[in-house]
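# Structural overview for review
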Amino acid sequence: MAQGAGLLGADGQTAPTIFAEMSALAELTGAVNLGQGFPDEDGPAEVLEVARRAIADGANQYPPGRGILDLRTAIAEHQQRFYGLNLDPHREVVVTAGATEAIAAALLALVDGPDDEVVVFEPYYDSYAACVALAGARLVPVPLRWPDFQPDADLLEEAVTDRTRIILVNDPHNPTGTVLGAEVREQIVRLAQRHDALIVTDDVYEHLIFDEPHVPIASLPGAAERTLTISSGGKTFSTTGWKIGWAAGPAHLVDAVLAVKQFLTYVSGGPFQPAIAAGLRLPESFFTGVAAALRAKRDLLGAGLREAGFDVSRPAGSYFTVADAAPVGATDAAAFCRDLPDRVGVVAIPITAFVSAAHRDRFATLVRFAACKRVEVIREAAARLQRLA
(Lines give C-alpha, C1' and ligand atoms only; values in the text may rest on other atoms or scores of the structure.)
Protein backbone atom coordinates (compact mmCIF):
# COMPACT_ATOMS: atom_id res chain seq x y z
CA MET A 1 0.00 0.00 0.00
CA ALA A 2 1.07 3.57 -0.56
CA GLN A 3 2.08 5.66 2.40
CA GLY A 4 -1.03 7.76 1.88
CA ALA A 5 -3.18 4.84 2.97
CA GLY A 6 -2.02 5.48 6.51
CA LEU A 7 -0.67 1.99 7.04
CA LEU A 8 3.03 2.90 6.98
CA GLY A 9 5.05 5.34 9.01
CA ALA A 10 6.81 8.39 7.61
CA ASP A 11 9.96 6.31 7.06
CA GLY A 12 8.08 3.76 4.96
CA GLN A 13 8.21 1.14 7.71
CA THR A 14 5.21 -0.59 9.27
CA ALA A 15 3.63 1.79 11.76
CA PRO A 16 2.97 0.10 15.12
CA THR A 17 -0.54 0.37 16.50
CA ILE A 18 -1.10 2.40 19.64
CA PHE A 19 -1.90 -0.88 21.41
CA ALA A 20 1.50 -2.37 20.55
CA GLU A 21 3.27 0.82 21.61
CA MET A 22 1.51 1.14 24.95
CA SER A 23 1.70 -2.58 25.79
CA ALA A 24 5.45 -2.42 25.16
CA LEU A 25 5.64 0.53 27.55
CA ALA A 26 3.74 -1.49 30.16
CA GLU A 27 6.22 -4.34 29.84
CA LEU A 28 9.22 -2.01 29.94
CA THR A 29 8.07 -0.10 33.03
CA GLY A 30 6.14 -2.79 34.91
CA ALA A 31 3.04 -0.61 34.74
CA VAL A 32 -0.50 -1.88 35.24
CA ASN A 33 -1.85 -2.28 31.69
CA LEU A 34 -5.34 -0.80 31.41
CA GLY A 35 -4.63 -0.02 27.77
CA GLN A 36 -5.26 -2.99 25.50
CA GLY A 37 -8.72 -4.48 25.84
CA PHE A 38 -8.21 -8.12 26.69
CA PRO A 39 -9.27 -9.94 29.88
CA ASP A 40 -6.71 -11.34 32.30
CA GLU A 41 -9.04 -14.18 33.37
CA ASP A 42 -10.09 -17.29 31.44
CA GLY A 43 -13.59 -17.82 30.14
CA PRO A 44 -16.12 -20.43 31.31
CA ALA A 45 -14.61 -23.83 32.11
CA GLU A 46 -17.23 -25.70 30.08
CA VAL A 47 -16.27 -23.78 26.95
CA LEU A 48 -12.55 -24.36 27.48
CA GLU A 49 -13.19 -28.07 28.05
CA VAL A 50 -14.98 -28.42 24.70
CA ALA A 51 -11.89 -26.98 22.98
CA ARG A 52 -9.59 -29.40 24.81
CA ARG A 53 -11.80 -32.31 23.87
CA ALA A 54 -11.95 -31.20 20.22
CA ILE A 55 -8.15 -31.09 20.06
CA ALA A 56 -7.89 -34.55 21.64
CA ASP A 57 -10.53 -35.89 19.25
CA GLY A 58 -8.61 -34.71 16.19
CA ALA A 59 -10.45 -31.53 15.11
CA ASN A 60 -7.12 -29.98 14.14
CA GLN A 61 -7.32 -29.68 10.36
CA TYR A 62 -9.11 -27.22 8.10
CA PRO A 63 -12.77 -26.78 9.00
CA PRO A 64 -15.27 -25.99 6.20
CA GLY A 65 -14.83 -22.62 4.53
CA ARG A 66 -18.08 -21.26 5.97
CA GLY A 67 -17.25 -22.67 9.42
CA ILE A 68 -18.48 -25.89 10.98
CA LEU A 69 -22.23 -26.33 10.69
CA ASP A 70 -22.69 -26.74 14.45
CA LEU A 71 -21.25 -23.27 15.09
CA ARG A 72 -23.25 -21.68 12.27
CA THR A 73 -26.36 -23.33 13.70
CA ALA A 74 -25.50 -22.09 17.20
CA ILE A 75 -25.09 -18.54 15.84
CA ALA A 76 -28.50 -18.74 14.14
CA GLU A 77 -30.04 -20.11 17.35
CA HIS A 78 -28.42 -17.30 19.34
CA GLN A 79 -29.81 -14.60 17.06
CA GLN A 80 -33.30 -16.10 17.33
CA ARG A 81 -33.07 -16.65 21.08
CA PHE A 82 -31.93 -13.15 22.02
CA TYR A 83 -33.23 -10.96 19.20
CA GLY A 84 -35.96 -12.82 17.30
CA LEU A 85 -33.90 -12.85 14.10
CA ASN A 86 -34.30 -15.83 11.76
CA LEU A 87 -31.18 -16.94 9.89
CA ASP A 88 -30.44 -19.87 7.60
CA PRO A 89 -27.19 -21.34 8.96
CA HIS A 90 -26.40 -22.80 5.53
CA ARG A 91 -26.56 -19.51 3.60
CA GLU A 92 -26.75 -16.56 5.97
CA VAL A 93 -23.83 -17.13 8.36
CA VAL A 94 -20.08 -17.32 7.80
CA VAL A 95 -17.42 -17.92 10.48
CA THR A 96 -14.36 -15.64 10.37
CA ALA A 97 -11.02 -15.14 12.09
CA GLY A 98 -12.51 -12.84 14.68
CA ALA A 99 -14.73 -9.85 14.03
CA THR A 100 -11.73 -7.96 12.65
CA GLU A 101 -11.49 -10.27 9.64
CA ALA A 102 -15.25 -10.10 9.14
CA ILE A 103 -15.07 -6.29 9.02
CA ALA A 104 -12.10 -6.33 6.64
CA ALA A 105 -13.72 -8.88 4.35
CA ALA A 106 -17.03 -6.99 4.37
CA LEU A 107 -15.40 -3.69 3.41
CA LEU A 108 -13.21 -5.26 0.74
CA ALA A 109 -16.19 -7.16 -0.67
CA LEU A 110 -18.88 -4.49 -0.56
CA VAL A 111 -17.00 -1.28 -1.40
CA ASP A 112 -16.55 -0.65 -5.12
CA GLY A 113 -13.79 1.96 -5.17
CA PRO A 114 -12.75 5.57 -4.58
CA ASP A 115 -16.21 7.02 -5.28
CA ASP A 116 -17.69 5.06 -2.36
CA GLU A 117 -17.85 6.43 1.17
CA VAL A 118 -18.00 4.62 4.50
CA VAL A 119 -19.61 6.54 7.38
CA VAL A 120 -18.29 5.78 10.88
CA PHE A 121 -18.84 7.22 14.32
CA GLU A 122 -15.73 8.92 15.67
CA PRO A 123 -13.74 7.95 17.69
CA TYR A 124 -13.65 4.60 15.89
CA TYR A 125 -11.86 1.28 16.35
CA ASP A 126 -8.55 1.78 14.56
CA SER A 127 -8.91 -1.11 12.09
CA TYR A 128 -11.93 0.60 10.48
CA ALA A 129 -9.85 3.37 8.93
CA ALA A 130 -7.17 0.90 7.81
CA CYS A 131 -9.73 -1.40 6.16
CA VAL A 132 -11.50 1.49 4.43
CA ALA A 133 -8.11 2.60 3.10
CA LEU A 134 -7.35 -0.93 1.88
CA ALA A 135 -10.73 -1.00 0.13
CA GLY A 136 -9.87 2.26 -1.62
CA ALA A 137 -12.90 4.12 -0.27
CA ARG A 138 -13.29 7.40 1.64
CA LEU A 139 -13.84 7.43 5.40
CA VAL A 140 -16.51 9.90 6.58
CA PRO A 141 -16.40 10.32 10.38
CA VAL A 142 -19.33 11.61 12.43
CA PRO A 143 -17.99 12.88 15.78
CA LEU A 144 -19.54 11.67 19.04
CA ARG A 145 -20.00 14.28 21.74
CA TRP A 146 -18.44 14.22 25.21
CA PRO A 147 -19.61 13.14 27.75
CA ASP A 148 -22.50 10.93 26.53
CA PHE A 149 -20.88 10.14 23.18
CA GLN A 150 -24.08 10.34 21.14
CA PRO A 151 -23.89 11.80 17.61
CA ASP A 152 -25.46 15.05 16.50
CA ALA A 153 -28.47 14.14 14.35
CA ASP A 154 -27.81 16.96 11.87
CA LEU A 155 -24.16 15.93 11.38
CA LEU A 156 -25.22 12.34 10.78
CA GLU A 157 -27.82 13.53 8.27
CA GLU A 158 -25.16 15.52 6.41
CA ALA A 159 -22.65 12.65 6.42
CA VAL A 160 -24.89 10.06 4.74
CA THR A 161 -25.37 10.86 1.05
CA ASP A 162 -25.89 9.03 -2.22
CA ARG A 163 -22.12 8.38 -2.19
CA THR A 164 -22.43 6.39 1.04
CA ARG A 165 -21.94 2.70 0.39
CA ILE A 166 -21.75 1.53 4.01
CA ILE A 167 -22.73 2.93 7.40
CA LEU A 168 -20.39 1.12 9.81
CA VAL A 169 -21.79 0.94 13.34
CA ASN A 170 -20.11 -0.32 16.52
CA ASP A 171 -22.69 -0.68 19.32
CA PRO A 172 -21.84 -1.00 22.23
CA HIS A 173 -19.01 1.23 21.17
CA ASN A 174 -15.25 0.93 21.36
CA PRO A 175 -13.50 3.09 22.53
CA THR A 176 -16.17 5.17 24.33
CA GLY A 177 -18.39 2.51 25.92
CA THR A 178 -21.52 4.30 24.72
CA VAL A 179 -24.70 2.55 23.56
CA LEU A 180 -26.49 4.34 20.74
CA GLY A 181 -29.93 5.68 21.58
CA ALA A 182 -33.03 4.26 19.92
CA GLU A 183 -33.50 7.45 17.91
CA VAL A 184 -29.96 7.16 16.52
CA ARG A 185 -30.48 3.54 15.47
CA GLU A 186 -33.75 4.48 13.76
CA GLN A 187 -32.11 7.41 11.98
CA ILE A 188 -29.36 5.13 10.67
CA VAL A 189 -31.97 2.83 9.12
CA ARG A 190 -33.91 5.74 7.61
CA LEU A 191 -30.78 7.22 6.07
CA ALA A 192 -29.64 3.84 4.71
CA GLN A 193 -33.03 3.35 3.07
CA ARG A 194 -33.10 6.88 1.64
CA HIS A 195 -29.64 6.62 0.12
CA ASP A 196 -29.67 2.88 -0.66
CA ALA A 197 -26.70 2.25 1.63
CA LEU A 198 -25.71 -0.94 3.40
CA ILE A 199 -25.33 -1.15 7.19
CA VAL A 200 -22.49 -3.16 8.71
CA THR A 201 -22.72 -3.54 12.48
CA ASP A 202 -19.90 -4.57 14.81
CA ASP A 203 -21.73 -6.10 17.79
CA VAL A 204 -18.83 -7.77 19.60
CA TYR A 205 -19.83 -6.25 22.96
CA GLU A 206 -23.49 -7.25 22.58
CA HIS A 207 -23.56 -9.17 25.89
CA LEU A 208 -21.39 -6.67 27.77
CA ILE A 209 -24.12 -4.05 28.11
CA PHE A 210 -25.11 -2.74 31.53
CA ASP A 211 -28.43 -0.93 31.60
CA GLU A 212 -30.66 -2.38 28.88
CA PRO A 213 -30.76 -5.33 26.46
CA HIS A 214 -28.79 -5.03 23.24
CA VAL A 215 -30.90 -4.04 20.23
CA PRO A 216 -29.28 -5.10 16.94
CA ILE A 217 -29.97 -2.74 14.06
CA ALA A 218 -30.90 -5.78 11.96
CA SER A 219 -33.94 -6.24 14.21
CA LEU A 220 -35.42 -2.84 13.30
CA PRO A 221 -38.17 -2.59 10.65
CA GLY A 222 -36.72 -2.35 7.15
CA ALA A 223 -33.15 -3.01 8.25
CA ALA A 224 -32.59 -6.77 7.93
CA GLU A 225 -32.42 -6.84 4.13
CA ARG A 226 -29.55 -4.32 4.03
CA THR A 227 -27.68 -5.15 7.26
CA LEU A 228 -24.65 -7.38 7.83
CA THR A 229 -24.26 -8.18 11.54
CA ILE A 230 -20.76 -9.00 12.79
CA SER A 231 -19.84 -10.40 16.20
CA SER A 232 -17.46 -12.82 17.89
CA GLY A 233 -17.01 -15.07 20.88
CA GLY A 234 -13.82 -13.40 22.12
CA LYS A 235 -15.33 -10.70 24.31
CA THR A 236 -18.35 -12.64 25.63
CA PHE A 237 -16.36 -15.74 26.60
CA SER A 238 -13.00 -14.11 27.43
CA THR A 239 -11.32 -16.00 24.58
CA THR A 240 -9.91 -13.11 22.55
CA GLY A 241 -6.92 -15.19 21.42
CA TRP A 242 -9.12 -17.79 19.73
CA LYS A 243 -10.26 -15.32 17.06
CA ILE A 244 -13.65 -16.90 16.32
CA GLY A 245 -16.02 -14.37 14.78
CA TRP A 246 -18.86 -14.35 12.30
CA ALA A 247 -20.91 -12.33 9.87
CA ALA A 248 -24.64 -12.92 9.45
CA GLY A 249 -27.30 -11.44 7.23
CA PRO A 250 -28.76 -11.70 3.72
CA ALA A 251 -27.21 -14.53 1.72
CA HIS A 252 -25.83 -12.27 -1.02
CA LEU A 253 -23.96 -10.15 1.53
CA VAL A 254 -22.61 -13.20 3.36
CA ASP A 255 -21.54 -14.75 0.04
CA ALA A 256 -19.63 -11.56 -0.77
CA VAL A 257 -17.81 -11.75 2.57
CA LEU A 258 -16.99 -15.42 1.97
CA ALA A 259 -15.62 -14.63 -1.50
CA VAL A 260 -13.01 -12.33 0.07
CA LYS A 261 -12.50 -14.27 3.30
CA GLN A 262 -11.39 -17.40 1.44
CA PHE A 263 -8.34 -15.45 0.22
CA LEU A 264 -7.56 -13.89 3.59
CA THR A 265 -7.41 -16.69 6.16
CA TYR A 266 -9.47 -19.31 4.30
CA VAL A 267 -10.43 -20.85 7.67
CA SER A 268 -9.37 -20.58 11.30
CA GLY A 269 -9.66 -22.07 14.77
CA GLY A 270 -10.90 -25.59 13.98
CA PRO A 271 -11.04 -26.90 17.57
CA PHE A 272 -12.27 -23.57 18.93
CA GLN A 273 -15.37 -23.49 16.74
CA PRO A 274 -17.27 -26.25 18.61
CA ALA A 275 -16.26 -24.58 21.87
CA ILE A 276 -17.80 -21.23 20.88
CA ALA A 277 -20.89 -23.13 19.70
CA ALA A 278 -21.17 -24.56 23.21
CA GLY A 279 -20.71 -21.09 24.68
CA LEU A 280 -23.51 -19.60 22.61
CA ARG A 281 -25.83 -22.27 24.03
CA LEU A 282 -25.02 -21.53 27.69
CA PRO A 283 -28.01 -20.60 29.89
CA GLU A 284 -29.12 -17.00 30.15
CA SER A 285 -27.66 -16.77 33.64
CA PHE A 286 -24.18 -16.90 32.14
CA PHE A 287 -24.81 -13.91 29.88
CA THR A 288 -26.39 -11.81 32.62
CA GLY A 289 -23.56 -12.82 34.93
CA VAL A 290 -20.74 -11.62 32.66
CA ALA A 291 -22.50 -8.27 32.20
CA ALA A 292 -23.01 -7.88 35.95
CA ALA A 293 -19.37 -8.72 36.70
CA LEU A 294 -18.11 -6.17 34.19
CA ARG A 295 -20.59 -3.57 35.45
CA ALA A 296 -19.06 -3.90 38.93
CA LYS A 297 -15.58 -3.46 37.47
CA ARG A 298 -16.76 -0.41 35.52
CA ASP A 299 -18.04 1.15 38.74
CA LEU A 300 -14.80 0.35 40.58
CA LEU A 301 -12.66 1.86 37.83
CA GLY A 302 -14.87 4.92 37.45
CA ALA A 303 -14.74 5.63 41.18
CA GLY A 304 -10.95 5.33 41.18
CA LEU A 305 -10.62 7.70 38.23
CA ARG A 306 -12.88 10.30 39.84
CA GLU A 307 -10.92 10.11 43.10
CA ALA A 308 -7.72 10.69 41.10
CA GLY A 309 -9.20 13.89 39.68
CA PHE A 310 -10.41 12.87 36.22
CA ASP A 311 -13.77 13.80 34.75
CA VAL A 312 -15.35 10.46 33.80
CA SER A 313 -17.92 9.42 31.22
CA ARG A 314 -20.13 6.59 32.49
CA PRO A 315 -20.08 3.79 29.89
CA ALA A 316 -23.25 1.83 29.13
CA GLY A 317 -21.39 -1.17 27.72
CA SER A 318 -18.09 -2.64 26.48
CA TYR A 319 -14.75 -3.03 28.26
CA PHE A 320 -13.92 0.67 28.36
CA THR A 321 -14.24 3.89 30.35
CA VAL A 322 -13.24 7.26 28.88
CA ALA A 323 -11.92 9.98 31.19
CA ASP A 324 -10.92 13.58 30.58
CA ALA A 325 -7.37 14.09 31.84
CA ALA A 326 -7.48 17.89 31.56
CA PRO A 327 -8.34 18.27 35.29
CA VAL A 328 -5.11 16.44 36.17
CA GLY A 329 -3.01 18.68 33.95
CA ALA A 330 -3.14 17.03 30.51
CA THR A 331 -3.20 19.13 27.36
CA ASP A 332 -2.41 16.32 24.94
CA ALA A 333 -3.77 12.80 25.53
CA ALA A 334 -1.00 11.03 23.60
CA ALA A 335 1.77 12.77 25.55
CA PHE A 336 -0.09 12.19 28.81
CA CYS A 337 -0.42 8.43 28.10
CA ARG A 338 3.22 8.06 27.09
CA ASP A 339 4.27 9.75 30.33
CA LEU A 340 1.79 7.98 32.62
CA PRO A 341 3.67 4.65 33.02
CA ASP A 342 6.75 6.40 34.38
CA ARG A 343 4.75 8.88 36.47
CA VAL A 344 2.40 6.50 38.27
CA GLY A 345 2.82 3.03 36.73
CA VAL A 346 -0.43 2.79 34.73
CA VAL A 347 -0.98 2.40 30.98
CA ALA A 348 -3.97 3.88 29.14
CA ILE A 349 -4.77 4.73 25.52
CA PRO A 350 -5.29 8.25 24.11
CA ILE A 351 -8.61 8.68 22.36
CA THR A 352 -6.79 10.70 19.71
CA ALA A 353 -5.48 7.37 18.39
CA PHE A 354 -9.04 6.64 17.24
CA VAL A 355 -9.87 9.88 15.42
CA SER A 356 -9.12 11.64 12.15
CA ALA A 357 -6.60 14.46 12.10
CA ALA A 358 -9.32 17.02 11.39
CA HIS A 359 -11.13 16.23 14.64
CA ARG A 360 -8.25 15.69 17.08
CA ASP A 361 -8.98 18.90 18.96
CA ARG A 362 -12.44 17.62 19.94
CA PHE A 363 -10.83 14.73 21.85
CA ALA A 364 -7.48 16.30 22.77
CA THR A 365 -7.40 15.30 26.47
CA LEU A 366 -9.57 12.18 26.53
CA VAL A 367 -8.09 8.85 27.64
CA ARG A 368 -9.45 5.29 27.48
CA PHE A 369 -9.04 2.82 30.35
CA ALA A 370 -9.97 -0.89 30.14
CA ALA A 371 -12.02 -2.41 32.97
CA CYS A 372 -11.78 -6.02 31.73
CA LYS A 373 -9.15 -6.94 34.33
CA ARG A 374 -9.18 -8.69 37.69
CA VAL A 375 -10.62 -6.63 40.51
CA GLU A 376 -7.29 -6.53 42.33
CA VAL A 377 -5.60 -5.18 39.19
CA ILE A 378 -8.16 -2.38 38.87
CA ARG A 379 -7.74 -1.54 42.57
CA GLU A 380 -3.97 -1.38 42.20
CA ALA A 381 -4.28 0.88 39.14
CA ALA A 382 -6.72 3.14 40.99
CA ALA A 383 -4.34 3.40 43.94
CA ARG A 384 -1.45 4.33 41.67
CA LEU A 385 -3.53 6.95 39.87
CA GLN A 386 -4.16 8.70 43.20
CA ARG A 387 -0.63 10.10 42.87
CA LEU A 388 -1.97 12.39 40.15
CA ALA A 389 -4.36 13.99 42.65
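Under an unreviewed UniProt entry, the name given to the protein is Pyridoxal phosphate-dependent aminotransferase, and the organism recorded is Microbacterium kribbense. Recorded in UniProt under Cofactor (unreviewed entry), the annotation for the protein is "pyridoxal 5'-phosphate".

### Some thoughts on the sheet that holds strand 11 (residues 320-324)
Across the sheet, which stays open at both edges, the four strands sit in the order 10-11-14-13 with antiparallel pairing between neighbours. At either end of the open sheet lies a strand with only one pairing partner, and these are strand 10 (311-312) and strand 13 (349-350). Relative to strand 14 (residues 366-370), strand 11 runs antiparallel, the two being bridged by five bridges. The residue bridging Thr321 from the neighbouring strand is Phe369, located in strand 14.

### What about a nonpolar patch on the surface?
Among the surface-exposed residues, Leu108, Leu134 and Leu264 lie close enough to one another that they form a single nonpolar patch of about 240 Å² accessible area. Considering the arrangement of structural elements, one finds Leu264 in the loop between helix 8 (251-261) and helix 9 (272-280). When its relative accessible area of 43% is taken as the criterion, Leu264 is described as partly exposed.

### Quick notes on helix 4 (residues 98-110)
Counted at 1.5 Å a residue, the expected span for helix 4 with its 13 residues is 18 Å, and the 19 Å between its end C-alpha atoms agrees. Of all 13 residues making up helix 4, ten are buried, and the element is well covered by its neighbours.

### Quick notes on the pattern of salt bridges
Any two side chains of opposite charge can pair if their charged atoms end up close together. Scanning all chains against the criterion turns up 19 salt bridges. Note that Glu380 is salt-bridged to Arg384, the shortest N-O span being 2.8 Å. Of the two residues, Glu380 and Arg384 both sit in helix 12 (residues 375-385), four residues apart, roughly one turn of that helix. For Glu380, a relative accessible area of 37% translates into the label partly exposed. Owing to a relative accessible area of 19%, Arg384 belongs among the buried residues under this scheme. By sharing partners, the salt bridges in this structure join Asp40, Arg374 and Glu376 into a single network.

### With respect to the nonpolar core
The biggest cluster of nonpolar side chains holds 124 residues, and the ones touching the most others in it are Ile188, Phe310, Phe336, Phe369 and Leu385. Sort the elements by how many residues they give to this core and helix 4 lands first, with eight residues. With residues near it in sequence (within four places) discarded, Phe369 still touches Leu34, Leu301, Leu305, Phe310, Tyr319, Phe320, Thr321, Ala323, Val346, Ala348 and Leu385.

### Side note on the side chain of Ser318
Along the chain, the position of Ser318 falls in the loop between strand 10 and strand 11. Among the polar contacts made by the side chain of Ser318, one reaches the main-chain amide nitrogen of Phe320 at a distance of 3.1 Å. Every residue in contact with Ser318, bar those within four places of it in the chain, is listed here: Pro172, His173, Gly177, Tyr205, Leu208, Phe210 and Leu294.

### Considering the pairing of strand 9 (residues 244-248)
The buried fraction of strand 9 is high, at five of five residues. Because side chains alternate across strand 9, one face comprises the buried residues Ile244, Trp246 and Ala248, and the other comprises Gly245 and Ala247, equally buried. Alignment of strand 2 (residues 93-97) against strand 9, held across five bridges, turns out to be antiparallel. Opposite Val93, over in strand 9, you have Ala248 as the bridge partner. Pairing analysis gives four bridges linking strand 8 (residues 227-232) to strand 9, with the strands arranged antiparallel.

### Here's the deal with helix 8
Listed as buried for helix 8 are Ala251, Leu253, Val254, Val257, Leu258, Val260 and Lys261. Turning to helix 8, the residues buried within the fold contact strand 2, helix 4, strand 7 (198-202), strand 8 and strand 9.

### Regarding the UniProt feature "domain: Aminotransferase class I/classII large" (unreviewed entry) in the protein
Under the feature "domain: Aminotransferase class I/classII large" (unreviewed entry), the UniProt entry names residues 32-384. Helix makes up 39% of residues 32-384 and strand 18%, with an end-to-end C-alpha separation of 9 Å.

### Notes on the state of the cysteines
With the rule as written, the count across this model stands at zero disulfides. Unpaired in this structure, Cys337 has its nearest cysteine sulfur neighbour in Cys372, at a distance of 16 Å.

Rules of the game
Residues numbered from 1 in each chain as written. Predicted model: local features only at pLDDT ≥ 70, side-chain atom pairs only at ≥ 80, totals over all residues. Heavy atoms only, no water. UniProt positions renumbered as here; feature names shortened; annotations may be inferred. Pairing = 2+ DSSP bridges. Helix = DSSP H or I, 4+ residues; strand = E, 2+ residues; numbered from the N terminus. Patch = residues over 30% accessible without salt bridge, like charges linked within 9 Å, V, L, I, M, F, W, Y side chains within 5 Å. Areas by Shrake-Rupley, 256 points an atom, 1.4 Å probe, with all protein chains shown as cover. Salt bridge = Lys/Arg side-chain N within 4 Å of Asp/Glu carboxyl O. Buried < 20%, exposed > 50% of the residue type's maximum accessible area, 1.4 Å probe, protein only. Expected span 1.5 Å × (residues − 1). Core = buried A, V, L, I, M, F, W, Y, C linked by side-chain atoms within 4.5 Å. Contact = heavy atoms within 4.5 Å. Polar contact = N/O pair within 3.5 Å; in protein donor to acceptor, adjacent residues only side chain to side chain. Disulfide = S-S within 2.5 Å.

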